[in-house]
Amino acid sequence: MGQVSLPNPANFGDYIVFVDESGDHGLEQVSSDYPVFVLLFAIFQKAGYIQRVCRDVQSLKFKFWGHDEAVLHEHELRKPAGHFQILLQREVRERFHAELTALMLTLPLTVVAVVIDKPAFVARYQDPVSPYDYALEAGLERVYHHLDGLGEGARETPIVVECRGRKEDAELELAFLRVCSGNNALGKPFPFRHVMIPKAANSAGLQMADLMARPVGLNHFRPGQSNRAFDIIKQKFRRSSAGKVEGWGLKVIP
């Protein structure tokens, strides 16, 4: 049995990254309703995450449910079921969305998102790689650049991803290890630790990433459509010193 690599508390960094996706990363059948794949990375400083994000997300849940066990998912906010049936009441729905919007506006985070336009991707590349692998590499490179600029380039940063299934999780782990071992555009290893957690996990960071991924995809697919969530998210994108977002916090492929 191979030796398991254990985390080293002495080298823990000050940041944590949560990753979520929107859309199907398969290329065999491309949906005309949503022909994009988005991988979004939400970067939080741990102190702000503990003191503000977790606190504010829990406070929102206690206010509307009386407990904090409701797990926020973008799909269930759009099509209320289970805990979210309270949103079928117009007054409650409007109040909830107003408070969620206010919370999102104040979130102390930086966003990196990779959007793959699947029809264009297939048309450009004769034998395209998996959109997930492509997006993962492009996203991790930008996350590394961001953290390195904050003096965190040599410190261990957890990259938290939701479990998707045994086969998919194994493929993701291989892709993650490939990129972080130095097989990337920078040609250097990344000090990231891959953390997989169940879909049912009540993680405030993953829930915030989930709420942001689809609005980014919709902005690309339907740029003229009103998108209040994206108007908030675009303020959080990583950007250059000159304020440029494209290629820095938002990468569109191809």
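Structural data are supplied above this passage.
Residues numbered from 1 in each chain as written. Predicted model: local features only at pLDDT ≥ 70, side-chain atom pairs only at ≥ 80, totals over all residues. Heavy atoms only, no water.

A. A look at the environment of Leu 88. Residue position: Leu 88 is located in the loop between α2 (74-78) and α3 (90-106). Residues Leu 88 and Ala 200 lie 112 residues apart in sequence; the distance between their C-alpha atoms is 23 Å. With near-sequence residues (within four places) excluded, Leu 88 lies in contact with Pro 80 and Arg 93. (Helix = DSSP H or I, 4+ residues; strand = E, 2+ residues; numbered from the N terminus. Contact = heavy atoms within 4.5 Å.)

B. Structural view of α3. In this model, α3 (17 residues) spans 25 Å end to end at C-alpha, consistent with the 24 Å of a helix rising 1.5 Å per residue. Among all positions of α3, only Val 92, Phe 96, Leu 100, Thr 101, Leu 103 and Met 104 are buried. Projected down its long axis, α3 shows its buried positions confined to an angular sector of 165°, all on one face. Looking at the buried positions of α3, the neighbouring elements they touch are α1 (46-65), α2, α7 (204-221) and α8 (228-233). (Expected span 1.5 Å × (residues − 1). Buried < 20%, exposed > 50% of the residue type's maximum accessible area, 1.4 Å probe, protein only. Arc of directions from axis to C-beta.)

C. Quick look at the pattern of salt bridges. Within this structure, the stated rule accounts for 14 salt bridges. With a closest N to O distance of 3.1 Å, Glu 152 and Arg 155 form a salt bridge. Residue classification places Glu 152 among the buried positions, given a relative accessible area of 5%. In the salt-bridge network here, residues are joined through shared partners; they are Asp 14, Glu 152 and Arg 155. (Salt bridge = Lys/Arg side-chain N within 4 Å of Asp/Glu carboxyl O.)

D. Layout of the sheet that holds strand β5 (residues 192-197). Pairing within the open sheet is mixed, and its six strands lie in the order β5-β4-β1-β2-β3-β6. Only two strands of the sheet have a single neighbouring strand rather than two, namely β5 and β6 (250-253). Each strand axis lies, on average, 20° off the axis of its neighbour in the sheet, ignoring direction. The strands touched by helix α5 (residues 131-149) are β1 (15-22), β2 (36-45), β3 (109-117), β4 (157-162), β5 and β6; relative to β2, the strand with the most contacts, the crossing angle is about 25°. (Pairing = 2+ DSSP bridges. Axes fitted to C-alpha atoms, helices over the stretch in contact; angles between N-to-C directions.)

E. How the structure looks around unusual backbone geometry. The omega angle of the peptide bond from Ile 253 to Pro 254 is -5°, so this bond is cis rather than trans. Note on placement: Pro 254 falls in the segment after β6.

F. Seen up close, the layout of surface pockets. Roughly 480 Å³ of internal volume is contained in the largest pocket. Lining the largest pocket are 17 residues, with Glu 74, His 97, Pro 215, Arg 228 and Ala 229 positioned closest to its centre. Looking at the lining of the largest pocket, the elements that each hand over two or more residues are α2, α3, α7 and α8. Classifying every residue of the lining of the largest pocket by side-chain character gives nine nonpolar, five polar and three charged. Approximately 410 Å³ is the volume found for the second largest pocket. Around the second largest pocket, the lining is made up of 20 residues, and of these Asp 20, Glu 21, Ser 22, Gly 23 and Asp 210 lie nearest the centre. Residue assignment for the lining of the second largest pocket shows that the elements contributing at least two residues are β1, α2, β4 and α7. (1 Å grid on protein atoms, 1.4 Å probe; cavity = no way out; pocket = protein on both sides within 12 Å on 5 of 7 lines; lining within 4 Å. Points joined across faces, edges and corners; volume = space filled by probe spheres on them. Nonpolar A, V, L, I, M, F, W, Y, C, P; charged D, E, K, R; others polar.)

G. Representation of the environment of Gly 153. One can find Gly 153 in the loop between α5 and β4. Looking at Gly 153, the relative accessible area reads 14%, which means it is buried. Along the primary structure Gly 153 and Asp 14 are separated by 139 residues, whereas in three dimensions their C-alpha atoms are 11 Å apart. Aside from chain neighbours lying at most four places away, what touches Gly 153 is Tyr 144, Leu 147, Asp 148 and Pro 191.

H. Representation of the environment of Ala 185. Take Ala 185: it is sitting in the loop between α6 (166-180) and β5. With relative accessibility at 65%, the residue Ala 185 sits in the exposed group. Along the sequence, Ala 185 and Ala 123 sit 62 residues apart, while their C-alpha atoms lie 23 Å from each other.

I. Structural view of the nonpolar core. Counting residues in hydrophobic clusters, the biggest one holds 46 residues, and the most contacted among them are Leu 40, Phe 44, Phe 96, Met 208, Val 216 and Phe 237. Of all the secondary structure elements, the ones that give two or more residues to this core are β1, β2, α1, α3, β3, α7 and α8. For this core, the element with the highest residue contribution is α7, accounting for nine residues. Not counting residues up to four positions away in its chain, the partners in contact with Met 208 are Phe 44, Val 53, Val 57, Leu 72, Leu 103, Met 104 and Leu 107. In terms of nonpolar packing, the next biggest core, distinct from the first, is built from 30 residues, Val 17, Ile 43, Ala 135 and Tyr 144 among them. (Core = buried A, V, L, I, M, F, W, Y, C linked by side-chain atoms within 4.5 Å.)

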